[in-house]
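Observations on the three-dimensional arrangement
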There are 2 protein chains.
Amino acid sequence: MNEIKIFSPATVANVSCGFDVLGFCLNSVGDEMVIRKTSEKGIKIIRIEGFDLPFEAEKNVAGVSALAMYNTLKPDCGFEIEIYKFIKPGSGIGSSAASAVGSVFGMNELLGKPYNRTELTEFSIKGEALASKCEHADNLAPAMFGGFTLVKSVCPLEILQIPTPHHLYATIIHPQIEIKTAESRAILPKEVPLQDAITQWANVGSLIHGLHTSNYELIKSSLHDVIVEPHRSQFIPNFDEVKNEALVAGALGCGISGSGPSIFALSEGFDTAKKVEAEMKKIFSNTDIAFETYVSKINTEGIKVLSSK
Amino acid sequence: MNEIKIFSPATVANVSCGFDVLGFCLNSVGDEMVIRKTSEKGIKIIRIEGFDLPFEAEKNVAGVSALAMYNTLKPDCGFEIEIYKFIKPGSGIGSSAASAVGSVFGMNELLGKPYNRTELTEFSIKGEALASKCEHADNLAPAMFGGFTLVKSVCPLEILQIPTPHHLYATIIHPQIEIKTAESRAILPKEVPLQDAITQWANVGSLIHGLHTSNYELIKSSLHDVIVEPHRSQFIPNFDEVKNEALVAGALGCGISGSGPSIFALSEGFDTAKKVEAEMKKIFSNTDIAFETYVSKINTEGIKVLSSK
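Residues numbered from 1 in each chain as written. Chains lettered and ligands numbered in written order. Predicted model: local features only at pLDDT ≥ 70, side-chain atom pairs only at ≥ 80, totals over all residues.

With that out of the way, let us pick up the overall build of chain A. Helix and strand content of chain A: ten helices and twelve strands. In terms of C-alpha radius of gyration, chain A reaches 19 Å, essentially the compact-globule figure of 19 Å for 309 residues. Principal-axis analysis of the C-alpha atoms places the extent of chain A at approximately 55 × 40 × 35 Å. Out of the 309 residues belonging to chain A, those deemed buried represent 56%. Across chain A, every contact between residues at least 6 apart in sequence was considered, and the portion connecting residues at least 24 apart equals 74%. (Helix = DSSP H or I, 4+ residues; strand = E, 2+ residues; numbered from the N terminus. Rg over C-alpha atoms; globule rule 2.2 N^0.38 Å. Buried ≥ 20, exposed ≤ 12 C-beta atoms within 10 Å, placed from the backbone. Contact = placed C-beta atoms within 7 Å.)

On to the sheet that holds strand β10 (residues 263-268) of chain B, then. All names here are of chain B. Judged by pairing direction, the sheet is antiparallel, and its four strands sit side by side in the order β9-β10-β7-β11 without closing on themselves. This sheet does not close on itself; its edge strands, each paired only once, are β9 (253-256) and β11 (291-297). Direction aside, the axes of adjacent strands within the sheet are offset by 15 degrees on average. Of the strand pairs in this sheet, β9 and β10 are connected by four bridges, and their pairing is antiparallel. Bridge pairing in β10 links G255 to F264. (Pairing = 2+ DSSP bridges. Axes fitted to C-alpha atoms, helices over the stretch in contact; angles between N-to-C directions.)

This brings us to the packing of helix α9 (residues 239-248) of chain B against helix α10 (residues 270-285) of chain B. Residue and element names in this part refer to chain B. Relative to each other, α9 and α10 sit at 150 degrees, their axes nearing to 9 Å. By the angle class used here, α9 and α10 are roughly antiparallel. Relative to α10, the crossing made by α9 is right-handed. Where α9 abuts α10, its residues E241, V242, E245 and A246 lie against V276, E279, M280 and I283. Split into classes, the residues belonging to the contact of α9 with α10 amount to five nonpolar, no polar and three charged. (Parallel < 35°, antiparallel > 145°, perpendicular 65-115°, else oblique. Left-handed = near helix turned anticlockwise from the far one by under 90°. Nonpolar A, V, L, I, M, F, W, Y, C, P; charged D, E, K, R; others polar.)

Next up on the list: the interface of chain A and chain B. Facing 27 residues of chain A, the contacting portion of chain B comprises 27 residues. When residues of the side of chain A that touches chain B are assigned to their parent elements, the largest contribution, twelve residues, is made by helix α6 (residues 194-212) of chain A. Looking at side-chain class alone, the side of chain A that touches chain B contains 16 nonpolar, seven polar and four charged residues. Bridge analysis of strand β8 (residues 191-193) of chain A against strand β8 (residues 191-193) of chain B gives three bridges, and the strand direction is antiparallel. Note on β8(B): the bridge partner recorded for A:E191 is B:P193.

Next up on the list: the nonpolar core. Counting residues in each nonpolar core, the largest one holds 196 residues, and the members touching the most others are A:A66, A:V101, A:A170, B:A66, B:V101 and B:A170. Beyond its immediate chain neighbours, meaning those up to four positions away, B:V101 contacts B:S8, B:L120, B:S124, B:L140, B:A143, B:M144 and B:I303. (Core = buried A, V, L, I, M, F, W, Y, C linked by C-beta atoms within 7 Å.)

Bringing the domain arrangement of chain A into the picture now. All names here are of chain A. You can read the domains of chain A as domain 1 (3-163 + 300-308) and domain 2 (168-297). Taken residue by residue, the interface counts 24 residues in domain 1 and 34 residues in domain 2. Among the elements of the structure, β1 (3-13), β2 (22-38) and α3 (117-132) are those that each provide at least two residues to the side of domain 1 that touches domain 2. The dominant element in the side of domain 1 that touches domain 2, judged by the number of residues it contributes, is β2, at four residues. Residue composition of the side of domain 1 that touches domain 2, by class: eleven nonpolar, eleven polar and two charged. (Domains from an automatic or database assignment.)

This is the structure we're talking about:
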């Protein structure tokens, strides 16, 4: 096997109550990448379609994670990478994470899987850090493992795979405005009220319990964020209205995807998720802001091989 | 049925990472109470053994919760209560909670169970508030339901029953010094670093996942408290040494039970829990402080009927 084509999915980080630790994986949107072994050593990005991103490996998220793995393993070959980017950078649904996991996952397959998925995520963190200026894994973990994940700690990296209830669907709206992850982190308070923190960890605990028991009512009552959303939602036009209409349409919960600007909702069943999408579209159709929407079953597989030769 | 004798168990609140929301139930220590229907209306406490507590219903935790239920239901009879107290008040293993749930549980049985356990816990909160000066349910919930519980919210009261891994045992040491719950709350900071809060909710999430999957290693790595223990442990003599020796002896984790002074450890298997007990005893045997220890399987049943007539 000298060449592999992979699908690297978009992801939603934080999931309302689980800032910096929780995430889930999407099916209906993701990047494609082709990774090819070369006799010439080193990592070369030879093609990027979809969005304008740097070709120098050291300046490209996929390149940086690839180099982290390459320089550790020191294989007898090199790799060239083609990136077909469908997830818009800065959308808040794990664009850089998809790039960061894609290159190392593909290389690992071509090399006979010397690393497990946690080890691959370790390399991906280096790429992710290029984009967000800090090492975190809350988009990487669901992209790599699929389903819901909890990043228990980054150093050492511990990722937990949480069960995904079968009827859970996500609706995403991406209003095409720019929010920088680094800026979005900067507005967060350094300290938070203890009472709010208690509310938040009660919700994290009950969300994990709700996912384990497929208790949709409990998932619904756990999808609240009293810590981060009040600060970040001000950057997203129509956030309150979108959230309100999503809930009225039957969503279990609605919040900021990662650091935004995308907004996610979770629903029980495809029909409700579609209704939520219609309401979200209606709101942004009345503005000048361009947007895209996605409805997706939770992707329990994560990153995957599309073809190889 | 006119008379019932019940066992109302001791409990451990907080469980390291889950301040104010998590708790678990003990087997080997608890109060006994006899509740008897009377033709005369009202609530009368007619006997208290073990510790010196007020007989006036309005000033007694068991009396206050009994009155809350009695005044709501307005039954055609009254009740007299005998309290055989084995859990020392102020020990930090849910002494007031055992009293608060005992009276209402017993009355409810005698009346043909008009209330479910969550409703009974609502009444118990009134009794608990007399002792701790604030309404919380993190000892009440495990006493009432058994096993591990997560109090998702107090108002409205939402209690989640979390699965209990089969080989989980608790070791408790109660150094007989006085710590007032109210004072112990007062020293807690009003605000906490966001980074610490994130660590804490990652641990809460992973502990719930660990309990669901009987993953003892994960339970071990989740039993950390970066928020409350650093403040409260200073009130408990030898806390650091006890914790260290418990972990060396093989405990999965060790922390303050409720607001102390009791210290709890969780272990996989009875033998390890006994070893932990021996180490704890050794440390306090070298001091002037009187102490008691308990080793207990996690009590998955909670409060229960011992006999009735």
